[in-house]
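# Chain and residue survey
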Amino acid sequence: MPVQRSDPSKAVITHANSSVEVYYYGCTLTSWKVDGTEKLFLSKHAKLDGTKAIRGGIPLVFPQFGTLDGSALPQHGFARNSLWEWKGVVTENAEQLTVAFGLTHENISDEMRKAWPNEFALTYEVTLTASTLKTTFAVTNTSQTAWHFTSLLHTYFHVPSVSDVRITGLHNISYKDKTQNNAVMSEASPIIAINGEVDRVYMGAPDIIKITGGSDVSIRKWGFEDVVVWNPWIEKAEKMSDFGNEEYKNMVCVEVGSVAGGVQLNASETWKGGQTLSVV
Ligand code: TA6
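Here is what the cut-offs are and how they apply
- Residues numbered from 1 in each chain as written.
- Predicted model: local features only at pLDDT ≥ 70, side-chain atom pairs only at ≥ 80, totals over all residues.
- Heavy atoms only, no water.
- Pairing = 2+ DSSP bridges.
- Helix = DSSP H or I, 4+ residues; strand = E, 2+ residues; numbered from the N terminus.
- Axes fitted to C-alpha atoms, helices over the stretch in contact; angles between N-to-C directions.
- Core = buried A, V, L, I, M, F, W, Y, C linked by side-chain atoms within 4.5 Å.
- Buried < 20%, exposed > 50% of the residue type's maximum accessible area, 1.4 Å probe, protein only.
- Contact = heavy atoms within 4.5 Å.
- Near = heavy atom within 4 Å.
- Polar contact = N/O pair within 3.5 Å; in protein donor to acceptor, adjacent residues only side chain to side chain.
- Areas by Shrake-Rupley, 256 points an atom, 1.4 Å probe, with all protein chains shown as cover.
- Nonpolar A, V, L, I, M, F, W, Y, C, P; charged D, E, K, R; others polar.

Right, let's get into the sheet that holds strand 13 (residues 166-168). Two orientations exist for strands paired in a sheet by backbone hydrogen bonds: parallel and antiparallel. One open sheet holds the nine strands; their spatial order is 7-8-9-10-22-19-18-13-16, and the pairing between them is antiparallel. The open sheet has two free edges, formed respectively by strand 7 (85-92) and strand 16 (191-193), since each of these has just one partner strand. Neighbour-to-neighbour, the strand axes of this sheet turn through a mean angle of 20 degrees, independent of strand direction. Where strand 13 and strand 16 come together, three bridges link them in antiparallel fashion. Of the residues in strand 16, the one forming a bridge with Arg 166 is Ala 193.

Have a look at this one:
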């Protein structure tokens, strides 16, 4: 059964030896299994009842990464806190299965529409093959005036042990270090290890990033310019109610996004960005 929607809160998509689960709340893809092995991290304390953004999987960040000075938008915007619509199967063949979800300004709360009064339409396509997961995010400005947004796929990868994780592909790339008051640094290491809290926005990052160390995945991005690397480590882990104190040991976020400069979208224009995750 390639598409199961018996559970009113989520869609379960199966293709060949792979499967994903997508909650309509936030259109959050919470599981990606290949040959039965889970590749994404979902906190044991994640709220799956629509009371807050899901802590894990691939939360969608739109129209704002982080917070916007003077704005009532919540951190990381409203896409991950809104109920998306199922838009059906787009492609189904021997090689792949693609399904789509949608959100417009008519679907969000009055509070969010007041905080960000722009007319928009979002489409999120999820494509599953035997060994890859492609997610494509399309943003359409359905208004008569231009507006600006930032956006990101906040991907939480499961790792057997964060101390074994190595991230390649960011050598010599400039990054804002959020643990150092957004100081701009240059990545001196061709191979990045995680030995403490990491919260970096790599600006204008290459399109191919690799994660090795036990749950090896290759990320290929398009449309998105930047890459965020995050691990909360001990102190920040303890401050998150929907994240176990020890769970930092089994996750790393490597997040493709357009967050440093963002995107200026003219009336009636559509912007697309996405990532393909491949098991290596
Ligand atoms: O993407 C990294 C980050 O911006 C971190 O600064 C941290 O705040 C993380 O996102 C999680 O944010 P959240 O609002 O989901 O707790």
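Alright, that's what it looks like, and here's the rest.
Counting residues in each nonpolar core, the largest one holds 64 residues, and the members touching the most others are Phe 62, Trp 84, Phe 137 and Ile 167. Among all residues touching Phe 137, those that are not within four sequence positions of it are Leu 60, Phe 62, Trp 84, Leu 122, Thr 123, Tyr 124, Ser 151, Phe 224, Trp 271, Lys 272 and Gly 273. Formed by nine residues, the second largest nonpolar core is a distinct cluster that contains Tyr 156, Trp 230, Met 240 and Met 251.

The next thing to look at is the site of the ligand. Around the ligand, the structure places Arg 55, Phe 65, Gln 75, His 76, Arg 80, His 154, Lys 178, Asp 199, Val 228, Trp 230 and Glu 255. Between the ligand and Arg 55 there is a distance of 3.0 Å, counted from an oxygen atom to a side-chain nitrogen or oxygen. With respect to the ligand, the side chain of His 154 contributes an N or O atom lying 3.0 Å from an oxygen atom. For the ligand, whose free accessible area comes to 390 Å², the fraction covered by protein is 85%. Looking at the shell around the ligand, its residues break down into three nonpolar, three polar and five charged.

So, on to the pairing of strand 10 (residues 132-141). Strand 10 sits mainly inside the fold: eight of its 10 residues count as buried. With nine bridges connecting them, strand 9 (residues 120-128) and strand 10 associate as antiparallel partners. Looking at the pairing, Ala 121 lines up with Thr 140 of strand 10. Linkage of strand 9 to strand 10, two consecutive antiparallel strands, is achieved through a turn of three residues. Where strand 10 lies against strand 22 (residues 270-279), nine bridges are found, and the strand directions are antiparallel. Each residue of the ladder has a partner; that of Thr 135, found in strand 22, is Gln 275.

The strand order across the open sheet formed by five strands is 1-2-3-4-5, and the pairing between neighbours is antiparallel. The sheet is open, and its two borders are formed by strand 1 (3-4) and strand 5 (37-38), each paired with just one other strand. Sheet topology note: the strand 3 (residues 18-23)/strand 4 (residues 28-34) ladder contains six bridges and is antiparallel. Bridging across to strand 4, Val 22 finds its partner in Leu 29.

Everything listed here is a matter of coordinates, which is why it stays silent on function.
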